[in-house]
Amino acid sequence: MKKIMFSGDLSIVQNGLAHLATKLGFEIASDGQEVQILHTGQELTITKIQSEMRISFSEPAHFYRGLALLLNHWGDTEYHLQEKPNFKQIGPMVDTSRNAVPTVQKIKEILQSCSIMGLNQLMLYMEDTYEIPEYPYFGYLRGRYTFAELKEIDDYGFDLGIEVIPSIQVLGHLKNPLKWNFSREMRDTEDILLVDEPQTYVFLDKAIQAASRPFRTKKIHIGMDEAHTLGLGRYLQKNGFDNRFDIMNRHLAKVLEITDALQLEVEMWSDMYFRLGSKTGDYYDPDFEIPTEVVKNIPNVKMVYWDYYHHKESEYENLLTSHKLLEKPIVFAGGIWTWNGFAPNYGKSIVSTHAALAACKKQGIESIYATLWGDDGAEAPFDTALLGLQLFAEHQFNASVSDELLAQRFEEIQGESMESFLLLDRFDQTPGVAPENPNASAISKIILYQDLLIGLYDETIAPFELTKHYEALASDLENAVYSQKTATLFKHYTRFAQLLVTKTDLGRKLRTAYVNNDTAAMRALLESINKLKAQVEALRLGHRDIWFTANKAFGWEVLDIRYGGILSRIDTTVWRINNWLEHNQPIEELAATLLPFDGPYPMPEGIIIGRNLYHGIISPSKLSDV
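Rules behind the numbers
- Numbers given to residues run from 1 along each chain, matching the order in which its sequence is written.
- Residue-level local features of this predicted model are given only where pLDDT is at least 70; pairs of side-chain atoms are given and counted only at 80 or more, and the full residue set underlies all totals for whole chains, interfaces and linings.
- To obtain the side-chain values, all non-hydrogen atoms of the structure were used and water was disregarded.
- Put simply, a nonpolar core is a bunch of buried Ala, Val, Leu, Ile, Met, Phe, Trp, Tyr and Cys residues held in one set by side-chain atoms that sit within 4.5 Å of each other.
- A simple rule labels every residue: compare its accessible area, found with a 1.4 Å probe on the protein chains alone, to the largest value its type can have, and call it buried under 20%, exposed over 50%, or partly exposed in between.
- Numbering of helices and strands runs from the N terminus, with a helix taken as a DSSP run of H or I at least four residues long and a strand as a DSSP run of E at least two residues long.
- In what follows, residue pairs with any heavy atoms lying within 4.5 Å of each other are defined as contacts.
- The salt bridge criterion pairs a side-chain nitrogen of Lys or Arg with a carboxyl oxygen of Asp or Glu, the two atoms within 4 Å.
- A patch consists of residues whose relative accessible area exceeds 30% and which take part in no salt bridge; residues with like charges are grouped when within 9 Å of each other, and nonpolar side chains (Val, Leu, Ile, Met, Phe, Trp, Tyr) when within 5 Å.
- Under the convention used here, a 1.4 Å probe and the Shrake-Rupley method define accessible areas, while residue burial counts only the protein chains that appear.
- One less than the residue count of a helix, multiplied by 1.5 Å, gives the span that helix is expected to have.

Time to look at the nonpolar core. Nonpolar side chains in soluble globular proteins generally cluster together in the buried interior. With 208 residues, the main nonpolar core has Phe63, Leu124, Tyr130, Tyr273 and Phe427 as its most contacted residues. By residue number, the principal contributor to this core is helix H22 (residues 556–583), which donates ten residues. Among all residues touching Tyr273, those that are not within four sequence positions of it are Phe245, Met248, Asn249, Leu252, Met268, Ile290, Val294, Ile298, Met303 and Leu326.

What follows is the structure, encoded as structure tokens:
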């Protein structure tokens, strides 16, 4: 524990220093080594000559980054670093709406990590995970944050120089709350609010007040993305077909009446204007057409261009140019692919981030988000994104970012190995998948969930030596270097790789033994099935520990049910095999002729297996529906 006496401009960093002392391993003491603090308003400068140490900075988050780097070079005789930020605001968007709602303590931990990287904003994406007192079913049993919890998060972020910004939905993406009867009269479709309905705006008035009041910031993000069937449900029944651009602008204007009364500065996702202007409904359609009168009628908001798909800088430059046609300030949102499945897609994350942020620097974009979505159940723990956050931070302070620089800063600031974190990319960067996994193939999730007897993907994965791939990955994970903080995480992924070694070919082996009437082989395979069952249970318990360390309890029941489904189907598989072995009862599933998987996503060259949601992996039958 280093003893430090800070001198100089302490007022705006004193509380943050207290929060970070344990994380960075220092103690504030009057008899400690002096570190001068100079709040110059200029670029970050770190100077160490013998025992003389000084940090000059423009804002607190930059200072905390400087302190983290200085502490890492504490034993050096000399150290000097000067960094100039490229963006006014940059930081993560944390998804709290896909079952995983981080605890207040976990959000504080994330804020600490952001501050020492020099990131200065954090957006909380809350579809129905904030409390609206007038609507008790909004976020019911979903782990929603209370006013007091959000205020505590905001206070902590303020101490660390991080602006915490609420992000909600005021049009679409509201399937969860709209399933309750309080919303019957303000529902257009199952996930979109009914535009022009008075009750809609009574609700939104309460929602916007509830979401904004805990925070110091006057910013709010109102969503309005991916409302694909806007005006095509009850709105159509009530009003007939209406120009959908007009519906968007009219609704936005009414929402802004609410935000203007609260003196809020509004951001929204930009995609619906481009989708409505595209004949195919594609956000990135180069042949879009948005009428001039529509642009003139767009109310005064910032447009957030989200894009984590393209791999070329020129593609981002073209799309940024397209956004300028909306004649509104542009914010950019890239992504760290934590939503690929059980493991992050770092290949795609890294190449898309390099390209996107290079374009943003050239075009003078001032505000950047790194989205961390949790699609389909937030199966990947938040900490898998730490390397991606470091990448965004290095783009903030460098014109370009090499692998060597990223690895160095990741070790200096977070005490982690880039090489070890990139092992996680190999769960889905497998034989048969194009470099950088451009189509977000999610092989590991598919193998985990697919049924041993039905084997929806068995024919598709058959040509590739995936078992050998996962054997090598399991070995590398066992020998990986990591910090005490991420030890549990890496043990979890080691168990996952070992499970994939057991399961990848198991369904095909069962089918071969059955078709060949090879009872000896089938009896031997029962041992592998029993081993798999133990591995699934160990993976579930380890995953549960990680979840309850970081998240509220609500939402885990979904993953418990998924793991339980795997275990239950293993029991049924053993029962069916024993009935065949002992009573010659047929196993219809193993007798069926398999086809390559086809749907719902196209599978261009390089994706080979594809990606899917849980319900599309486990069975071709209905999981739940009429």
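Scanning all chains against the criterion turns up 44 salt bridges. A salt bridge links Asp128 to Arg142, with the shortest nitrogen-to-oxygen separation between them at 2.8 Å. A residue pair is termed long-range when its members are at least 10 positions apart, and Asp128 in the loop between strand E8 (121–125) and helix H4 (147–159) and Arg142 in the loop between E8 and H4 qualify at 14 residues. Since its relative accessible area comes to 2%, Asp128 is described here as buried. Taking relative accessible area as the criterion, Arg142 reaches 11% and is therefore assigned buried. For Glu313, the salt bridge is made with Lys362, and the minimal N-O distance between the two is 2.7 Å. In this pair, Glu313 is assigned in helix H11 (residues 313–324) and Lys362 in helix H12 (residues 346–362), connecting sequence segments 49 residues apart. Given a relative accessible area of 23%, Glu313 falls into the partly exposed group. Given the relative accessible area of 60%, Lys362 is considered exposed. Linked by salt bridges that have partners in common, Arg65, Glu83, Glu394, Arg409 and Glu412 make up one network.

We now examine a nonpolar patch on the surface. On the surface, Tyr137, Tyr140, Leu141 and Phe554 cluster together to form a nonpolar patch covering roughly 400 Å² of accessible area. Position of Leu141 relative to the elements: it lies in the loop between E8 and H4. Residue Leu141 is classed as exposed on the basis of its relative accessible area of 51%.

So, about H22. With 28 residues, H22 extends 40 Å from end C-alpha to end C-alpha; this agrees with the ideal 40 Å at 1.5 Å per step. Backbone geometry just downstream of H22 places Asn584 in the positive-phi region, at approximately 60°.

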